[in-house]
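# Topology and contacts: notes
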Amino acid sequence: MGTALVYDDEMTKYKLLWVDPVCEPEVPERLQVSHQALVRSGLAGCCVPVPVREATDEEILLVHSEEYLEGVKKTPFMDLEDLMAFTQQYGDVYFHPNIYHCAKLAIGATLQLVDSVMTGKVRNGMALVRPPGHHSQTSQANGFCVFNNVAIAAQYAKKHHRAKRVLIVDWDIHHGQGIQYCFEDDPSVLYFSWHRYEHQSFWPNLRESDFDSVGSGKGAGFNINVPWNQVGMGNSDYLAVFFHVLLPVAYEFGPDLVLISAGFDSAIGDPEGLMCATPDIFAHLTHLLMNLAGGKVCAVLEGGYNLTSLAQSVCQTVQTLLGDPPPHPANLGGPCESALESVHSARSVHKKYWSCLQHAAAPFPEEPSTKTCRPAQQDGSQGPQSNGGGEAQKEAIVWPEPLQRDAPSVRTALVLPDAVACADGCERFSPAEGPDSMATAGLRKHFLKESEDGVNVKLLYNITALVGQMEKNEIRNGLALVPDVSMATTLLTSTSLSKRVLVVWVGDGLVPAQVLEDEKTLVVHISSTAPHEAQSKYYVPITLKQGCGDTVGLMQAALGLLLPLGYQYAPGLVLLVRLPGCRAREDLWLQLTGLLQGLAAGHTLVLVQENETASVGITASCLLGNAAPSLGSLAAPGPEDVESFERLRLRLQTDWPLLQTTAPDKR
Ligand SMILES: CC(O)(O)NCCCCN
Ligand SMILES: [Zn+2]
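Residues numbered from 1 in each chain as written. Chains lettered and ligands numbered in written order. Predicted model: local features only at pLDDT ≥ 70, side-chain atom pairs only at ≥ 80, totals over all residues. Heavy atoms only, no water.

### Topic: the overall build of the protein
Secondary structure assignment for the protein yields 20 helices and 18 strands. In terms of C-alpha radius of gyration, the protein reaches 25 Å, essentially the compact-globule figure of 26 Å for 667 residues. Each principal axis of the C-alpha atoms in the protein carries an extent, and together these give about 90 × 60 × 50 Å. Here the protein holds 667 residues, and 63% of them are scored as buried. When contacts within the protein are restricted to residue pairs at least 6 apart in sequence, long-range pairs at least 24 apart make up 76% of them. In the form shown here, the protein has an accessible surface area of approximately 23,300 Å², with 52% of it arising from carbon and sulfur atoms. Across the protein, the mean location of the 48 positive side-chain charges is 5 Å away from that of the 73 negative side-chain charges. (Helix = DSSP H or I, 4+ residues; strand = E, 2+ residues; numbered from the N terminus. Rg over C-alpha atoms; globule rule 2.2 N^0.38 Å. Buried < 20%, exposed > 50% of the residue type's maximum accessible area, 1.4 Å probe, protein only. Contact = heavy atoms within 4.5 Å. Areas by Shrake-Rupley, 256 points an atom, 1.4 Å probe, with all protein chains shown as cover. Lys, Arg positive; Asp, Glu negative; His and termini not counted. Charge placed at Lys NZ, Arg CZ, Asp CG, Glu CD.)

In structure tokens, the structure reads:
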């Protein structure tokens, strides 16, 4: 299934007609450079083009009032003076004779995208629209927004597509208060927003943008605000919020549609956000959402005012929606202290609403850290230089161009015993030449008993050849059915050329000593008992009392422990090993397979005991990029499991700072 791209250059045909410094950044070029970048990179050509349409009055009235709509309807016939007067009644927004038309197209584009995704015409997609929407409210325009595109889309999906639970992820750097107000008491729409706040000193300066606005009445718990109280937030800060706030709750919520208020003013270089996160981070944020709701993800443009980082971020997002391999995560440090306070605050106010957070640390009295994490130019670009004239001259903020993300010619290769049929869409791996005598001797000497027949030699040779081709980016990922997953893992870690190999060892069974001792491997062992004395930072035993059959425990461990470790480790290869007798539920196994593909540029090799042929087809389909089926809403993880997770976090978070969920001096 494809990725929709909804765009029409009619939406570039309005602009600011008078002087208003606040509204200056919202220019038509924002849409032009974004679309042009998608065309020039070839990404637009890979998408399914979906035409825009005008929203109907009825659709606008899903969120807005009649009197507001009647007022906006008059703007096309207003002269400059009347337009300015009409604009005066609202904040930080401007009107234009053509903006009503464009605002209807922005809604229509968004609803076309929702239709395409909800009817299964495409898997996911992006709507490039302006004017943006998330600040507009029932009866008012605000913050460059006229109608609330994403709020209308959520109501529309509930009404026309029987969506039961809609997740809205608002990664724009401003708080989408319009969306928050719309769903304040609605438990069927979970609204998540992070936003520059600086203790209410940043626009729109609302008390209700702080983390303690959790929704009201039946909607309590379904509004999550993560305020950034300092500028300069970077990739690690964003990922920490996804791993420790958004994703655990999103998986517990179990949405059947994900809407992204995709504002890119949260990217580096943006004059509004002053953040440091680089455009490639949006590839990872998108990927981390793509296994929710069975992959039904609709990204809708909101803000983004640095034309360079906007275009790059839009491309990173669309390229991930298309299923291209993710970029290697940029050298991730740990989240800064202020970010950790925000993470801690959000987790503690929501622990009473979400069982995945029930063991989050209790709220601490709010004395914000005064230590600045990093100046806004942290990313290594020039800070403000005084030019002798006394005032600090703003140097251009620079960052590296996102790297190419080349998709290997072969996506998924399977190493299977001859008797097992290949899954469709995959390729049965058979290297050009078989093992030569040297290789055979080596394999026999180290890995096979003399008595082994030639079949296993060929099989083992094939999986090392497969990994070799993955590491040369000729093949993206693979699955191998092997007689002995322990021996195969030992062989692959010892022959892999990658500097770092992440081994995800799922099930009850010892990890081979040779793998544990290999200093280029990080082993995350998920099982019902911790078999090894865990001292090394490169061996992480995650124990589940009920074993791997405990879907909730495994999922929450994957989100809060495995993924932060994996992203921080930044491996060149991921081995996902399913031990014999592992009782991980099929849909959970697919979630793991899907999420881990965000690492190592997608170089994941799944190793399964050869008698477990049942999982070949579905695992292969997930490796081919099909979204893992939704787990539905999740119940509570076992308290003793969560206690052991938190003990593990305490032991490891100094070595792996992305595991942190609270600021150091608050523990
Ligand atoms: C869509 C948006 O969130 O980027 N609008 C920002 C408006 C800022 C006004 N000071
Ligand atoms: Zn914004």
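### Side note on the pattern of salt bridges
The full count for this structure, using the stated rule, is 16 salt bridges. Between Glu 59 and Arg 53 there is a salt bridge whose closest N-O contact spans 2.9 Å. A residue is classified by how much of its surface remains accessible, and Arg 53, at 22% relative accessible area, is partly exposed. Here Glu 70 ties to Lys 73 by a salt bridge, and the two come within 3.8 Å at their closest N and O atoms. Note that Glu 70 and Lys 73 are positioned in helix α4 (residues 66-73) at a spacing of 3 residues, about one turn of the helix. Judged by its relative accessible area of 35%, Glu 70 falls in the partly exposed class. With a relative accessible area of 25%, Lys 73 lands in the partly exposed category. Ionic contacts of the salt-bridge type, sharing partners, join the residues Asp 9, Glu 10 and Lys 13 into one network. (Salt bridge = Lys/Arg side-chain N within 4 Å of Asp/Glu carboxyl O.)

### Examining the domain arrangement of the protein
Under the domain assignment used here, the protein contains domain 1 (3-394) and domain 2 (476-660). Distance from the C-alpha centre of domain 1 to the C-alpha centre of domain 2: 32 Å. Contact with domain 1, which involves 37 residues of that partner, is made by 40 residues of domain 2. Applying the counting rule to domain 1 against domain 2 returns 0 salt bridges. Between the two partners, domain 1 and domain 2, sit 16 residue pairs in polar contact (both at pLDDT 80 or more). For the side of domain 1 that touches domain 2, the secondary-structure elements that each account for two or more residues are α9 (235-253) and α10 (281-289). Looking at the side of domain 1 that touches domain 2, the element that brings in the most residues is α9, giving 10 residues. Across the side of domain 1 that touches domain 2, the residue classes tally to 18 nonpolar, 15 polar and 4 charged. (Domains from an automatic or database assignment. Polar contact = N/O pair within 3.5 Å; in protein donor to acceptor, adjacent residues only side chain to side chain. Nonpolar A, V, L, I, M, F, W, Y, C, P; charged D, E, K, R; others polar.)

### A closer look at the packing of aromatic side chains
Applying the stated criterion across every chain yields a total of 23 aromatic pairs. Ring centres of Trp 228 and Tyr 238 lie 5.6 Å apart, and the angle between their planes is 25 degrees; on these two criteria the pair is classed as stacked. Here Trp 228 is found in strand β6 (residues 223-228), whereas its partner Tyr 238 is found in helix α9, with 10 residues between them in sequence. The pair Trp 228 / Tyr 238 is uniform in exposure class, with both members buried. (Phe/Tyr/Trp six-rings, centres within 6.5 Å; stacked < 30°, edge-to-face > 60°.)

### Points about the nonpolar core
Among the nonpolar cores identified, the biggest contains 182 residues, and Phe 147 and Trp 171 are the most heavily contacted of them. Setting aside its immediate chain neighbours within four residues, Phe 147 contacts Ile 60, His 64, Tyr 68, Leu 69, Val 72, Tyr 100, Ala 103, Ile 107, Pro 132, Gly 133, Ser 136 and Ile 152. Counting residues in each nonpolar core, the second largest holds 37 residues, with Leu 460, Val 485, Leu 573 and Leu 575 among its members. (Core = buried A, V, L, I, M, F, W, Y, C linked by side-chain atoms within 4.5 Å.)

### Examining the sheet that holds strand β8 (residues 297-301)
Either a parallel or an antiparallel arrangement is found when strands of a sheet pair, and the pairing is made through backbone hydrogen bonds. Taken together, 8 strands build an open sheet; the order of strands is β2-β1-β3-β8-β7-β4-β5-β6 and the sheet is parallel. Each edge of the open sheet is held by one strand with a lone partner, namely β2 (48-50) and β6. Along the sheet, successive strands turn relative to each other by an average axial angle of 15 degrees, direction set aside. Strand contacts of helix α11 (residues 307-321): β1 (3-6), β3 (124-127) and β8, with the helix running at about 160 degrees to β3, the strand carrying the most contacts. (Pairing = 2+ DSSP bridges. Axes fitted to C-alpha atoms, helices over the stretch in contact; angles between N-to-C directions.)

### As for the packing of helix α1 (residues 29-40) against α11
At a minimum axis distance of 9 Å, the contact between α1 and α11 shows a crossing angle of 45 degrees. Judged on the interaxial angle alone, α11 and α1 are oblique. α1 and α11 meet at a crossing whose hand is right-handed. Seen from α1, the contacting residues are Glu 29, Arg 30, Val 33, Ser 34, Ala 37 and Leu 38; seen from α11, they are Leu 307, Leu 310, Ala 311, Val 314, Cys 315 and Val 318. (Parallel < 35°, antiparallel > 145°, perpendicular 65-115°, else oblique. Left-handed = near helix turned anticlockwise from the far one by under 90°.)

### Comments concerning the site of ligand 1
Taken together, 13 residues sit near ligand 1, with Asp 92, His 134, His 135, Asp 265 and Tyr 305 positioned nearest. Between ligand 1 and His 135 there is a distance of 2.7 Å, counted from an oxygen atom to a side-chain nitrogen or oxygen. If ligand 1 stood free it would expose 330 Å²; the protein chains cover 96% of that surface. Among the residues making up the shell around ligand 1, the classes are represented as 4 nonpolar, 5 polar and 4 charged. (Near = heavy atom within 4 Å.)

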